[in-house]
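# Secondary and tertiary structure notes
Spelled out, the chains give:
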Amino acid sequence: TTKQAARVALPLTDRESFAAHLKTCRRIVALVGAGLSAASGLPTFRGAGGLWRTHDATDLATPEAFDENPDLVWQFYSFRRHMALKAAPNKGHYALAELSRKNRDFITLSQNVDGLSQRAQHPPGQLHLLHGSLFDIKCTDFYCKYTREDFTDPIVPALAIPKKSSLKDNEKKEEKVMAQQTDKSDDDQEKKAEEDQKVGDEKKECKEENKDESDEEIDISDISYHIPNISNEELPQCPDCKGLLRPGVVWFGEPLPTTTLETVENWMDSEPIDLMLVIGTSAQVYPAAGYVDEARDQGARVAVINMEPYSPKNSRAEPLQDTDWFFEGDASVILPDILK
Ligand code: BV8
Ligand code: ZN
């Protein structure tokens, strides 16, 4: 766009000029994404720490995916609930909560559904969840209005995280089938297969011994294992209409909650904005990413905090390019420093 063409100077990286500007700011808005929770151990959607290697998370965050495979999509969300509940808010979450307490004219627009800003005691009136929450559950039936907040883990027994041992049982079954197939071939093969079997058994024995220690959950962030098909009856059911319950998040192709949109639009349009913080987000999802432009149109200076280095190339999303400051690094380290 012309704006990109217009940007000649690289963004500032010094914290002094940022601090000087921050002192003059009253109306401040932050747009935060998965990068804010990365230091809490929650994988982001894109990039190295990416979630769910064999399925692109955005393929699963759609109404169509839920209609086709409610058990797989529920497992994806049940795993993310489990990880979010085990995670703790980091210093980045606390720094934003602290700024909200100090300045009532500061709001956080969060694309995250992990509940960590809430657990960092971010004042609720100044935290807007653009894409819902893993811990809101609602009925899929269009006419039924059932919804509840639910932190149980697993939300239903069928969605419990499989133990490694159960994986081993599956592997063992497969190995046995494989061994049977090779045994059918001629004798020397047979002898060889028996030797392999013996060695295999010894290995298995020692695995057996430490199996009890290793009887922990499978690592759910980087394997594609998914629990064999779970029937709809075993998935979360609506107590009112017996319909299927779904995670209370906004999927791709779904509108953002109207009340949230209205509240945020009113805040953005009501008066000039002094500062927009773009924190830990690839700024590719709309309308969330669009708030950076809106703030700039309201006169805001922009500061981006991101682990990846600044790149003037237009490969990066525009909101990350046309910025006054760019602080490269971990949001959980940078935010407490630049917002103090
Ligand atoms: C809508 C909840 C209209 C679920 C999410 C074609 C078909 C259909 C729709 C569209 C289409 N084309 C465009 C659209 C619109 C679509 C969209 O924008 N698509 C994009 C992909 C092009 N948007 C929508 O569909 C939205 N709805 O438009 O509705 C409408 C209107 C009326 C009636 C009907 C319809 C709804 C979008 C919401 C989707 N739901 N989440 C869930 O979480 O499972 S989106 C989800 O992905 C997140 O919420 C977030 O928004 C996005 C992930 O982005 P990030 O948070 O930025 O994370 P990411 O991994 O990408 O980046 C991490 C960043 O952090 C990186 O830059 C990295 O460098 C940095 N980082 C990493 N570690 C650190 C760090 N930074 C600092 N410190 C660190 N330690
Ligand atoms: Zn219902």
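In what follows, the accompanying structure is described. (Residues numbered from 1 in each chain as written. Chains lettered and ligands numbered in written order. Predicted model: local features only at pLDDT ≥ 70, side-chain atom pairs only at ≥ 80, totals over all residues. Heavy atoms only, no water.)

## With respect to the nonpolar core
Within the largest apolar cluster, 33 residues are counted, with the highest numbers of intra-cluster contacts made by Val-73, Trp-74, Tyr-77, Leu-134, Leu-159 and Trp-251. By residue number, the principal contributor to this core is helix α6 (residues 70-86), which donates seven residues. With residues near it in sequence (within four places) discarded, Tyr-77 still touches Leu-60, Ala-61, Leu-134, Pro-247, Val-249 and Trp-251. Core analysis: the second largest hydrophobic core is formed by 26 residues, Ile-107, Leu-109, Val-250 and Val-304 among them. (Core = buried A, V, L, I, M, F, W, Y, C linked by side-chain atoms within 4.5 Å. Buried < 20%, exposed > 50% of the residue type's maximum accessible area, 1.4 Å probe, protein only. Helix = DSSP H or I, 4+ residues; strand = E, 2+ residues; numbered from the N terminus. Contact = heavy atoms within 4.5 Å.)

## Brief notes about empty space enclosed by the protein
Tallied over the full model, the rule gives three cavities of 30 Å³ or more. Lining the largest cavity are 13 residues; nearest its centre among them are Leu-42, Pro-43, Phe-45, Arg-80 and Asp-114. Here the lining of the largest cavity gets three residues from one element, more than from any other, and that element is α6. The residue makeup of the lining of the largest cavity, split by class, is nine nonpolar, two polar and two charged. (1 Å grid on protein atoms, 1.4 Å probe; cavity = no way out; pocket = protein on both sides within 12 Å on 5 of 7 lines; lining within 4 Å. Points joined across faces, edges and corners; volume = space filled by probe spheres on them. Nonpolar A, V, L, I, M, F, W, Y, C, P; charged D, E, K, R; others polar.)

## A look at the pairing of strand β2 (residues 106-110)
Judged by how many residues are buried, β2 sits mostly within the fold: five of five residues are covered. Residues of β2 alternate between two faces, with Phe-106, Thr-108 and Ser-110 on one and Ile-107 and Leu-109 on the opposite face, all of them buried. Across five bridges, strand β1 (residues 28-32) lies against β2 in parallel orientation. Bridging across to β2, Ala-30 finds its partner in Thr-108. (Pairing = 2+ DSSP bridges.)

## Remarks on the site of ligand 1
Taken together, 33 residues lie around ligand 1, and Arg-46, Arg-80, Gln-111, Ser-282 and Asn-306 are the ones closest in. At a separation of 2.8 Å, an oxygen atom of ligand 1 approaches a polar backbone atom of Ala-34. Here Ala-331 contributes a backbone N or O atom positioned 2.9 Å from a nitrogen atom of ligand 1. With the chains in place, 73% of the 1,500 Å² that ligand 1 exposes on its own is no longer accessible. Broken down by secondary-structure element, the contributors of at least two residues to the shell around ligand 1 are α3 (35-38) and α6. Tallied by class, the residues present in the shell around ligand 1 amount to 16 nonpolar, twelve polar and five charged. (Near = heavy atom within 4 Å. Polar contact = N/O pair within 3.5 Å; in protein donor to acceptor, adjacent residues only side chain to side chain. Areas by Shrake-Rupley, 256 points an atom, 1.4 Å probe, with all protein chains shown as cover.)

## Here we look at the coordination of the zinc ion (ligand 2)
Binding of the zinc ion (ligand 2) to the protein goes through Cys-139 (SG), Cys-144 (SG), Cys-238 (SG) and Cys-241 (SG), at separations of 2.3 Å. Around the zinc ion (ligand 2), the four donor atoms are arranged such that angles at the metal cover 98 to 118 degrees; this shape is classified as tetrahedral. By relative accessible area, Cys-144 is classed as buried at 14%. (Donors = N, O, S within 2.8 Å, 3.2 Å for Na, K, Ca; no water. Tetrahedral: all angles 85-135°; square planar, octahedral: opposite > 155°, others 65-115°.)

## Notes on the sheet that holds strand β9 (residues 325-328)
Strand order in the open sheet formed by six strands is β3-β2-β1-β7-β8-β9, with parallel pairing between adjacent strands. Two strands close off the open sheet at either side, each with one partner strand: β3 (127-129) and β9. For this sheet the average axis-to-axis angle between neighbouring strands, irrespective of direction, equals 15 degrees. In terms of strand pairing, strand β8 (residues 301-306) meets β9 through four bridges, oriented parallel. Residue pairing in the sheet places Asn-306 in a bridge with Glu-328 of β9. This element, helix α2 (residues 15-24), spans β1, β7 (275-279), β8 and β9 of the sheet and lies at about 125 degrees to β9. Against the sheet, helix α11 (residues 258-270) engages β1, β2 and β3, with an angle of about 135 degrees to β3. (Axes fitted to C-alpha atoms, helices over the stretch in contact; angles between N-to-C directions.)

## Describing α11
Taking 1.5 Å of rise per residue, 13 residues should cover 18 Å, and α11 covers 18 Å from first to last C-alpha, within 8% of that figure. Structurally, α11 contributes buried residues whose contacts are with β1, β2, β3 and α12 (290-297). (Expected span 1.5 Å × (residues − 1).)

## Here's the deal with α6
Counted at 1.5 Å a residue, the expected span for α6 with its 17 residues is 24 Å, and the 24 Å between its end C-alpha atoms agrees. Counted residue by residue, α6 has 15 buried out of 17 residues, so it is predominantly covered.

## Considerations on the pattern of salt bridges
Summed over all chains, the structure comprises 13 salt bridges. Ionic pairing is found between Asp-293 and Arg-296, a salt bridge with its closest N-O pair at 2.9 Å. Taken together, the positions of Asp-293 and Arg-296, both in helix α12 and three residues apart, correspond to about one turn of that helix. In this structure, Glu-318 and Arg-296 form a salt bridge, with 3.9 Å as the shortest nitrogen-oxygen distance. One end of the pair, Glu-318, is in helix α13 (residues 318-321); the other, Arg-296, is in helix α12, and 22 residues separate them in sequence. (Salt bridge = Lys/Arg side-chain N within 4 Å of Asp/Glu carboxyl O.)

## Some points on the side chain of Asn-90
Mapped onto the secondary structure, Asn-90 falls in the loop between α6 and α7 (91-102). Of the residues examined, Asn-90 reaches a relative accessible area of 7% and is grouped as buried. When near neighbours in sequence (up to four residues on either side) are disregarded, Asn-90 contacts Leu-36, Ser-37, Ala-39, Ser-40 and Ser-332.

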